[in-house]
Structures are given as C-alpha cells and as structure tokens.
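If you want the building blocks of each chain, they are given just below.
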Amino acid sequence: MTLFEVLMATLILAIASSGLLSAFDAGRRSISYSELHSVATQVGERELQRVSSLKWEQVALNKELSWASGSSSTTNPTHYLSASECDTSVTLPSHKPCYQYDWSSSYEPLVLGSEAELSSEPYKATDPVTFTTSAPGGATRLSGSVYRYITWVSDSKCEGTGNTCFSASTQTNYKRVIVAVTMSGLQRPVVLSTLLINHKGEASNPLFAGAKCVEEGKPITEAASVECA
Amino acid sequence: MRVIRRRLQQEEGFVLVVALLLVVTILLLAAAIIATSVATSSHATSEYGRSGAIAAANAGLEAAVHRLSSQAEETTAQQEDCFTTKFEAKEGGVCPGTSWETLGSGAEYKYYVSPVMTANECAGLWIKAPAGKTLTQRCITAIGKANGGGTARVQERVANVLGPGIFPVAGIYAETNFKVNNKLNYSGEIGARGNVEFNNGVKNVGKEITIKYGGEYKSHEGGLTHETLSKEELESERFKLPTQPATGYANSQTTNNNAAITMTVGSVNAGREMSAATNTTVTIPSGTYNLCYIDFTNAAKILYTPPVTIYLDDYHRSGSTCASKSTSGTIELNNAVEWLDQASTKSPADLKINAWGNPPETSNSAPKIHLNNAVSGPMYAMIYAPNSYFEVNNSFSMVGGLVAGSIYFNNEVTFVGELPASEAGTGGLSFFPTAYHQCSPSTSPTAAGCY
C-alpha cells in the first residue's frame, strides 16, 4: 500500500461521496416537493367535494368579502379577479365581479350570496382558507391556503329549447367551482375545477314521491318521520 | 503468473480496488435514491392528474344533464336519438360524442349520451317508475383529461319521469289562444296551441319568461324568448289536445266533502252550487269537493287548508247530475275575492281545481271561469280547465299552473308560473341521476361495461 494509492482511493471516494450527497439532497427536495404537491392535491380534492355537497344556494361566495384583484403575480389565484362586468351578451343572474376561470382569457361572473344564504357554510367569512398539516409530534409540518371561486357558467354549447341554458334565475343556470391550493414552496398552485347543476331532484324528485326524511339535526339512525323539504 | 502471484502477495493496488467497489456501491445507492424520488414525483403528478381528470369527467356529466334537461324530449324520434348538445342519430351503431371542451386549469371533458334505454346497459340498477308514472332512462358516459396526463371515465344513469302530469308547461297553457290586453307581470313558461298575443306591458317578475305557441305570436314587448311548436310537437303527448278522465268527477259526485264547507254568508245548495252575495268568509278544509257552480260577489274570503281538490262538474259530462243551465260548470268571482292558503309553506298543489267544461270545445264559447275584479291571495293553485274559457277582467294574482281552452287577461294580472316536479307533465326537462360509476379510463366509447 503506497501513499499514492491511499491518496487516489481517498480522492475517488470523496468524489463518489459528494455525488451521493447530491443525489440524497436532490431526492430529498424532490420527495418534499412531491409531498407538497400530494397534500395540495388532496386538500383541493377535499374542498371540491365539500363544496359539491353543499346545498345549491350555499354554493356561492360571500358578497360581503372583497372580490377585487389582489396580486400582480400570475401564480396568485386572486390575480384573475376583475371588478368589471363580463358576459353581458347573455342573460345570467349577475355580471360582476368576474373571475378568469381558465387563467387565460375567459371571464365569468362570480356567484355571490348573502351571509344569511350561506348560514351553514363554515368558511363563509374567510377567503382564502388557511390549513396546516401536523407532524407525528403535533408540530406544524406544512401550511397553505385554499382559494375558492364559483362562477355562473357561460356555456355557448347549451342550446336547449327549455331556455335553462342562460336565464336570470339562480336555480336554472349552472355553476363552475374552481379550487386553487397554494403552499409555500409550491411553484404553481394546484388548481381543480368542475361544474355543478341544481339537481331538481332531491326532495322534489318524483322518484322519491312518498319518501320520508330524517329531521335536520337528528341522527340518520333515527326513523325517518318528516316530509322531505 | 509469477508476476501476478507476487503482486497479490505484496497486496499492491488493493486500496484502489476496494475504493472502486465502494464507488460502485455508492452509485447504486444514488441511483436507487433518484429512482425513488422520480417515482414519488411521478406518483404526485399522476395523483394531481387523476383528481383533475375525475373532476373534469364529473363536470362532463353535469354539463350533459344540464344540456339534456334544457331540451324537450317530446317525440319518439328524439327518444331513439343519442344526444350531444342536441339530439343526434347513432353513427355506425355508436352514439357520437361531443368534442373536447375546456374546463379551465388545463382540464378537458367530453361525453356520450345514449338513446332512451330499452335494456340495462348502464351503471346501477334498472329504475322502476313510481306508481302511475312512466319514465325514460338514458346513460351518460363522460371522459375527463387533466394536466399530467390523467384520464378518467365516469358513467351516470339519469331518469326522466313522464306524466301523468297534465300541465304541459309550468305556468299558463291555452288549448287555443292566449291573449293579454294590458299589464301582465309574469314569471315562468307560457304556452298555447294557437296564438299568443300581448298588447301591452309584459314584465318579468322572476324566472325568465319563455313562450311556445302553435299559431302566431304578437307582442308589443321585445326581448321575450319565444318559439313555434312544430306539428310533431303539437301532436306529442305533452302538447296534444287532452281527453279528460271522468273518474274523478264521477267518484266525487257521489262521495265528497261538500258538507264540510262552512260559509258565514251563502251556502252550498242541493244542486252543488256554492254562492254568496257579499261579505262572506268561506272555510274549505282539506278534502275533495264536487260543485256545479261557484259564485262570489263582493268581498269574499276563501280560506282553504291543503290539500283541497275541487271538481267543477258540468251537465255536459255524461253521468253528471248538474242541472242543465248556463251557469253549470262555471265560476263567477266578481269583486275583491281573496283566496287564502292556510298552509305555512304554500304550494300550487295546495288547491287543485278541475273544470270539466264542454269537451271538445276549447274556444271562448266554452263554459266560463270569470274573474271580474281584484281576485287575489295570491291564489296558490293548479287550475285544469282545458274545455273552459278563462277570463280575467282586472287585477288577479296567482302562483301555480293554469290550463284552459282559451285565456284572456284584460288588465293587471300577476302570475308566477311554477309546479311541483311531481305534477309536471313535461317531458325531458328534469333528468335525475340515479347511479354513478367510475370506469376504466379507456377512451373507447364502447368499452365493456361502461357505455
């Protein structure tokens, strides 16, 4: 074993170790980012499902809050708000403020409701809603914000003769729900969106004619006893 | 050989060999770490794509139901057609789909809607119609695509309950003509097999006013949504001239609750004529009534507790015991008559008035329902009088549905057209989802089990 051999071996191991450390670091960063992405996706999906399960009138934004553009950054969801009128060529329940739902060029008017209409919507007073995830010890691990935007859909392909495509009625138009989740470290927000219609079914669905419902606030195990309303 | 053996004995270069082995191990470890992080990242991306794609596919279902419900599935031909944004025939035995539509956030959807199903080829179970009703079922398959290459495919069975709702529209419908002379405050649908004429002042007070007619349309008001009913539509189950069933009249003629009606002034006489000259309060408990004539003049209050069904019989009906005279089968409300629904939550179904009239007469020479002045409440009711003439002279307010042979409003009518879904006889306007299924994300429209 010569000194030269030892020096060469040390050099090779040092180079290899630095590569390993770089790989470890890149892997750690990638996995951390994936965790952010996964959490943001799951939070967004959960919020989309929560909003979709609300009563039709509650699928709305609180009109008492400010819905003005709040950022010049194109990765901030509030950047796409506009106080100007939009979709004035079609009959919709309202025409402002509006939201650029595709983050590109198309605006639709926001669905706004009063606090009374949103009475049982737990997040009516806040926009965005913040959230955190906890580590096993209880310490905060990740945090982020959920932005919700709900718009009246301007659907040029709806051409029905029943005239429910575009009307001033808040019952017959359909709504677009856009959920954007931002988290510190996430380069772009996770954005999910879907459409919702007012299913005339529910209590008035003729398929359920004669069915009884459980009174609001009572456990579903209790015998159904009241008229569905 | 001797040289190699000597080198091995001296162990020269052994450190380098060990170092190289360590390097290989380290490189393998690094590769494993990179592969794991790539897999994790790919999983996160595909999870995002999958969530976005399912949301997009669900949006496709909602768009399809909305568009389908805004069409009137009136005819057999329409029921045999597929649907995109309009009714379309099959192409090569397969329903055409829509083109991809952008949802925003990089997501897209398209959908396929089957014709009215005759066999169980969709998610969920075959739906049996409620008693006395018929229904049609269609199958919607929607495909969603999202950022990250996610694709999802979902399917929904939707059912549309038809009849025996007897109101062709949720509002006013005339079997011949509907004419308004002045000031109609209206919300909802209007229909007429013949002409619709508005001379002055039609104002929207709620839902958009939509008008369908088989004859001519004249209006001094611009901007009202109106369309002609085709010959095929006029002959459809929904819009055709009805034949009234006599069972309700015949049964209530012998068994009714007429004796439960109380009046502070006036009476229901033996000829089943209910009349009062002035200042009467009439109380009608829930029940079924059979009358030949209703006549209130001046300041009458009519308190009704739902559900109330009144059969206004007429001597023209075979088997009717109403007296053969001109007042038979008519209503005369002359001045300040209030209809007061006693329910806390009021509904048009609270009061159903069926008038026999004189079939098949539908013109203004049919037996008359005449509201002369200040008939208010508003009256929550469903009035079905396809063989009667309905005339309002001044100031009438009502919430519900009205079918009459011919209808004439002279002045100041406020009418909110609406019907409970269970009462509507409209076809194709209310599709209810009954089952939902997430399919394999194949893009073939005929993928097994998901068409």
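Anything mentioned here points back to the structure above.
Residues numbered from 1 in each chain as written. Chains lettered and ligands numbered in written order. Predicted model: local features only at pLDDT ≥ 70, side-chain atom pairs only at ≥ 80, totals over all residues. Heavy atoms only, no water.

1. Considering the packing of aromatic side chains
Residue and element names in this part refer to chain B.
Point 1. Applying the stated rule across the entire model yields 16 aromatic pairs over all chains.
Point 2. Between the aromatic rings of F167 and Y384, the centroid separation amounts to 5.8 Å while the plane-to-plane angle is 55°, which identifies the pairing as tilted. Of this pair, F167 sits in the loop between β6 (151–162) and β7 (171–174) while Y384 sits in strand β28 (residues 375–392), placing them 217 residues apart in sequence. Just as F167 is buried, Y384 falls in that class too.
Point 3. For the pair F390 and F409, a centre-to-centre distance of 6.5 Å together with 65° between the ring planes defines the contact as edge-to-face. (Phe/Tyr/Trp six-rings, centres within 6.5 Å; stacked < 30°, edge-to-face > 60°. Helix = DSSP H or I, 4+ residues; strand = E, 2+ residues; numbered from the N terminus. Buried < 20%, exposed > 50% of the residue type's maximum accessible area, 1.4 Å probe, protein only.)

2. Some remarks on the nonpolar core
Point 1. Residues F178(B), F198(B), F296(B), W339(B), F390(B) and F409(B) are the most contacted members of the largest nonpolar core, which totals 58 residues.
Point 2. Ignoring any residue separated from it by four or fewer positions in sequence, one finds F409(B) in contact with I172(B), F178(B), K179(B), V180(B), N181(B), N182(B), L184(B), F390(B), V392(B) and L402(B). (Core = buried A, V, L, I, M, F, W, Y, C linked by side-chain atoms within 4.5 Å. Contact = heavy atoms within 4.5 Å.)

3. A word on the environment of K183(B)
Residues and elements named next belong to chain B.
Point 1. Position of K183 among the secondary structure elements: in the loop between β8 (178–180) and β9 (184–187).
Point 2. Under the relative-accessibility criterion, K183 is labelled partly exposed at 43%.
Point 3. Taking C-alpha positions, K183 is 8.4 Å from T414, a pair spaced 231 residues apart along the chain.
Point 4. Setting aside residues up to four positions removed in sequence, K183 forms contacts with N200, G201, N411, E412 and V413.

4. Describing the pairing of strand β24 (residues 330–333) of chain B
Point 1. Bridge count for strand β21 (residues 293–296) of chain B against β24(B) is four bridges, and the pairing is parallel. Directly across from F296(B), in β24(B), lies its bridge partner L333(B). (Pairing = 2+ DSSP bridges.)

5. Here's the deal with the pattern of salt bridges
Point 1. Scanning the entire structure with this criterion turns up 15 salt bridges over all chains.
Point 2. For the salt bridge of R28(A) with D25(A), the shortest nitrogen-to-oxygen distance reads 3.1 Å. With R28(A) and D25(A) both in helix α1 (residues 3–52) and three residues apart, the pair spans about one turn of that helix.
Point 3. In this structure, K325(B) and E273(B) form a salt bridge, with 2.8 Å as the shortest nitrogen-oxygen distance. Of the two residues, K325(B) is situated in the loop between β23 (308–312) and β24 and E273(B) in strand β18 (residues 273–276); the sequence distance between them amounts to 52 residues.
Point 4. E273(B) sits in the buried class, given a relative accessible area of 14%.
Point 5. Taken together, the shared-partner salt bridges in this structure form one network comprising D25(A), R28(A) and R29(A). (Salt bridge = Lys/Arg side-chain N within 4 Å of Asp/Glu carboxyl O.)

6. Quick notes on the sheet that holds strand β6 (residues 129–134) of chain A
All names here are of chain A.
Point 1. Strand order across the open sheet formed by four strands is β6-β7-β8-β9, with antiparallel pairing between neighbours. Only two strands of the sheet have a single partner each, and these edge strands are β6 and β9 (190–196). Adjacent strand axes in the sheet meet at a mean angle of 25° when their direction is disregarded.
Point 2. Note that strand β7 (residues 140–152) and strand β8 (residues 175–183) share nine bridges and pair antiparallel. Within β8, the position partnered with I150 by the bridge is V177. (Axes fitted to C-alpha atoms, helices over the stretch in contact; angles between N-to-C directions.)

7. As for the pairing of β7(A)
All names here are of chain A.
Point 1. Taken across its 13 residues, β7 has ten buried, putting it largely inside the fold.
Point 2. Across six bridges, the pairing between β6 and β7 is antiparallel. Looking at the pairing, T130 lines up with S145 of β7.

8. Considerations on unusual backbone geometry
Point 1. The omega angle of the peptide bond from D127(A) to P128(A) is 0°, so this bond is cis rather than trans.
Point 2. Residue K183(B) is not a glycine yet carries a positive backbone phi of 50°.
Point 3. In this structure, A299(B) takes a positive phi of about 50° despite not being glycine.
Point 4. In this fold, A299(B) is placed in the loop between β21 and β22 (300–304).

9. With respect to the interface of chain B and chain A
Point 1. If you look at the interface, chain B gives 63 residues, while chain A gives 57 residues.
Point 2. Contact between chain B and chain A buries roughly 5,000 Å² in total, counting both sides, with carbon and sulfur atoms accounting for 64%.
Point 3. Considering only the side of chain B, the residues that lose the most area to chain A are Y48(B), E62(B) and H66(B), jointly responsible for 13% of the buried surface there.
Point 4. Where chain B packs against chain A, one counts one salt bridge.
Point 5. Between D155(A) and R67(B) there is a salt bridge; the shortest N-O distance is 2.8 Å.
Point 6. In this structure, the connection of chain B to chain A is made through twelve residue pairs in polar contact (both at pLDDT 80 or more).
Point 7. Where the side of chain B that touches chain A is concerned, the elements lending two or more residues are α2 (14–69), β3 (101–104), β6, β13 (210–213), β15 (225–228) and β31 (431–439) of chain B.
Point 8. No other element matches the 31 residues that α2(B) contributes to the side of chain B that touches chain A.
Point 9. Residue composition of the side of chain B that touches chain A, grouped by class: 30 nonpolar, 21 polar and twelve charged. (Buried area = accessible area lost by both parts, 1.4 Å probe. Polar contact = N/O pair within 3.5 Å; in protein donor to acceptor, adjacent residues only side chain to side chain. Nonpolar A, V, L, I, M, F, W, Y, C, P; charged D, E, K, R; others polar.)

10. Structural notes on a nonpolar patch on the surface
Point 1. A cluster of nonpolar side chains, namely F14(B), V18(B) and L22(B), defines an oily patch on the protein surface of about 260 Å² accessible area.
Point 2. Checked against the element boundaries, V18(B) lands in helix α2. (Patch = residues over 30% accessible without salt bridge, like charges linked within 9 Å, V, L, I, M, F, W, Y side chains within 5 Å. Areas by Shrake-Rupley, 256 points an atom, 1.4 Å probe, with all protein chains shown as cover.)

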